[in-house]
Amino acid sequence: MHEGTPPIVVGVEPTDAGRLAVVWAADEAARRRLPLRLVHTLDWPTGAGRKLGTNANRQTWSERFRNAGTRTLDEARALVAARHPALVTDTALLDGAPISVLPGQARGAAMIVVGSRRLSAATELLATGSIATAVTAHAGCPVVVVREPEHTSADPRTIVVGVDGSRRSEPAVAYAFDEASRRGATIVAVHVRQPSTGLMAGLHTGEERREGRIRLAETLAGWSEKYPDVPVQREVVVGHPVKVLAGAGEHALEVVVGTRGHGGFMGMLLGSVSQGLIHHARCPLVIVPASGDENAPTRD
């Protein structure tokens, strides 16, 4: 691992979702010329203990449990090596549940990547959703949730960014433009207004759209000059933010959102939007912290 170079960290698990996350993280590390760290956690069953006991059966079980974790990391490393032979990669086998271990791995990282399995809503909330939420709450770097593959065959390739009109969405916009420039993609900047209700709803909708266009223009000002190679599409949509952004990402490389934003989302915390997208995004989801983002990726 290069001394002082922030790695891309990916949580590794022996599932299709885990392998998808490893592939995405490896590709991104290669694009950014950053090292990759593969992390697998040993979530010991209650009462099992993490140290080898004197009981022979328990000792055998513990050894097999740890060996299985090592094999998981070895398989992930082989997958990365086959895809990117020159990529600098290291591994970490750590004791503890993912929800408690992975947030700590975000410290000093360029970004952290987790997979997202398709489970029932209740089960998923207690599994990957809670892991991603916990990591996001503590990370000072972008958190990527890989639920589905990126849509590389779409023409043009697009990166969707949610723009809420506040300064707190600026790091997400910065990330999206940087990524679009690296990948030759078009930015689709989406501002969502929740629909008005009542007898005057129709009139209010027109006002909401005009306000949305103003907020988009203010937030995006200067970015096209900084990234003249990146085409930009602007969309103001009246609807629910999670539904709108998930739909916009149906054919995208990724959806990018910030955290804790207000404004165009009419009082909804963008944190709740990002949590909704963890379960409904149709491509990789990138959650960019509004502050403490000193490790956010920058251009070479």
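Residues numbered from 1 in each chain as written. Predicted model: local features only at pLDDT ≥ 70, side-chain atom pairs only at ≥ 80, totals over all residues. Heavy atoms only, no water.

Peer 1: Any chance you could break down the overall build of the chain for me, citing the residues and the numbers?
Peer 2: For the chain, the count of helices and strands is 10 helices and 10 strands. Partitioning the intrachain contacts of the chain with sequence separation of at least 6 by distance along the chain shows that 80% fall at a separation of at least 24. Surface summary for the chain: the accessible area is close to 14000 Å², and the carbon and sulfur share equals 52%. (Helix = DSSP H or I, 4+ residues; strand = E, 2+ residues; numbered from the N terminus. Contact = heavy atoms within 4.5 Å. Areas by Shrake-Rupley, 256 points an atom, 1.4 Å probe, with all protein chains shown as cover.)

Peer 1: A description of the confidence of the model for the chain should follow, citing residues and the corresponding values.
Peer 2: Scored by pLDDT, the chain has a mean of 82; 79% of the residues are at 70 or more. At the low end of the mean pLDDT range in the chain sits helix H4 (residues 121-126), at 45; at the high end sits strand S6 (residues 158-162), at 97. Low pLDDT, under 50, characterises residues 292-300; the predicted model gives this stretch 24 contacts beyond four residues in sequence or across chains. (pLDDT = per-residue confidence, 0-100.)

Peer 1: Break down the sheet that holds strand S7 (residues 186-193) for me, citing the residues and quoting the values.
Peer 2: Taken in spatial order, the 10 strands of this open sheet run S3-S2-S1-S4-S5-S10-S9-S6-S7-S8, and their pairing is mixed. Taken across any chain shown, the strands that pair with only one partner, and hence form the sheet edges, are strand S3 (89-95) and strand S8 (232-238). Taken over all neighbouring pairs, the strand axes of this sheet differ in orientation by 20° on average, direction set aside. Of the strand pairs in this sheet, S6 and strand S9 (residues 254-258) are connected by 3 bridges, and their pairing is parallel. The residue bridging Val-161 from the neighbouring strand is Val-256, located in S9. Lying over the sheet, helix H3 (residues 98-105) contacts strand S1 (8-11), strand S2 (36-42), S3 and strand S4 (111-115), oriented at roughly 155° with respect to S2. Most of the contacts of helix H6 (residues 170-183) go to S9, to which it runs at about 155°, and overall it touches S4, S6, S7, S8, S9 and strand S10 (285-288). (Pairing = 2+ DSSP bridges. Axes fitted to C-alpha atoms, helices over the stretch in contact; angles between N-to-C directions.)

Peer 1: I'd like a rundown of unusual backbone geometry, residues and numbers included.
Peer 2: Of note, the amide linkage connecting Asp-155 to Pro-156 takes the cis form, showing an omega dihedral of 5°. Despite not being glycine, Arg-33 shows a phi value in the positive range, around 55°. Along the chain, the position of Arg-33 falls in the loop between helix H1 (16-32) and S2.

Peer 1: With reference to specific residues and values, describe the nonpolar core.
Peer 2: Within the largest apolar cluster, 43 residues are counted, with the highest numbers of intra-cluster contacts made by Leu-36 and Val-113. Formed by 33 residues, the second largest nonpolar core is a distinct cluster that contains Ile-131, Val-145, Leu-277 and Cys-283. (Core = buried A, V, L, I, M, F, W, Y, C linked by side-chain atoms within 4.5 Å. Buried < 20%, exposed > 50% of the residue type's maximum accessible area, 1.4 Å probe, protein only.)

Peer 1: Before we move on, could you go through the environment of Val-238 and cite the residues and values that matter?
Peer 2: Its place among the elements puts Val-238 in strand S8. The spatial distance from the C-alpha of Val-238 to the C-alpha of Val-192 is 5.7 Å, given a sequence separation of 46 residues.

Peer 1: Please set out the environment of Gln-233 residue by residue, giving values where relevant.
Peer 2: With respect to the helices, strands and loops of the structure, Gln-233 is situated in strand S8. Spatially, the C-alpha atom of Gln-233 lies 4.7 Å from that of Val-188, the residues being 45 residues apart in sequence. For Gln-233, the residues in contact, after removing those within four places along its chain, are Thr-186, Ile-187, Val-188 and Ala-189.

Peer 1: Summarise the side chain of Thr-41; cite the residues concerned and give the values.
Peer 2: Summarising the element assignment, Thr-41 is placed in strand S2. Excluding its chain neighbours within four sequence positions, the residues that come into contact with Thr-41 are Leu-94, Gly-96, Ala-97, Pro-98 and Val-101.

Peer 1: Got a sec to walk through the packing of H1 against H6? Specific residues and values, please.
Peer 2: Two numbers describe how H1 lies on H6: the axes approach to 11 Å, and their chain directions differ by 80°. Of the possible angle classes, the one that applies to H1 and H6 is roughly perpendicular. Contact with H1, carried on its side by Trp-24, Glu-28, Arg-31 and Arg-32, involves Tyr-175, Asp-178, Glu-179, Arg-182 and Arg-183 of H6 and no other residues of that element. Taken together, the residues that form the contact of H1 with H6 break down as 2 nonpolar, no polar and 7 charged. (Parallel < 35°, antiparallel > 145°, perpendicular 65-115°, else oblique. Nonpolar A, V, L, I, M, F, W, Y, C, P; charged D, E, K, R; others polar.)

Peer 1: Requested: an account of the packing of aromatic side chains, with residues and values cited.
Peer 2: Applying the stated rule across the entire model yields 3 aromatic pairs. When the ring of Phe-177 is compared with that of Trp-223, the centres are 5.6 Å apart and the planes differ by 20°; the resulting orientation is stacked. Of this pair, Phe-177 sits in helix H6 while Trp-223 sits in helix H8 (residues 223-226), placing them 46 residues apart in sequence. Residue Phe-177 shares its accessibility class with Trp-223, and that shared class is buried. (Phe/Tyr/Trp six-rings, centres within 6.5 Å; stacked < 30°, edge-to-face > 60°.)

Peer 1: With reference to specific residues and values, describe the pattern of salt bridges.
Peer 2: For the coordinates displayed, the defined rule picks out 13 salt bridges. Note that Arg-19 and Asp-16 form a salt bridge whose closest N and O atoms lie 3.0 Å from each other. Taken together, the residues Arg-19 and Asp-16, both in helix H1 and 3 residues apart, mark about one turn of the helix. Judged by its relative accessible area of 38%, Arg-19 falls in the partly exposed class. Bridged by salt links that share partners, the residues Glu-28, Arg-31, Arg-32, Asp-178, Glu-179 and Arg-182 form one connected network. (Salt bridge = Lys/Arg side-chain N within 4 Å of Asp/Glu carboxyl O.)

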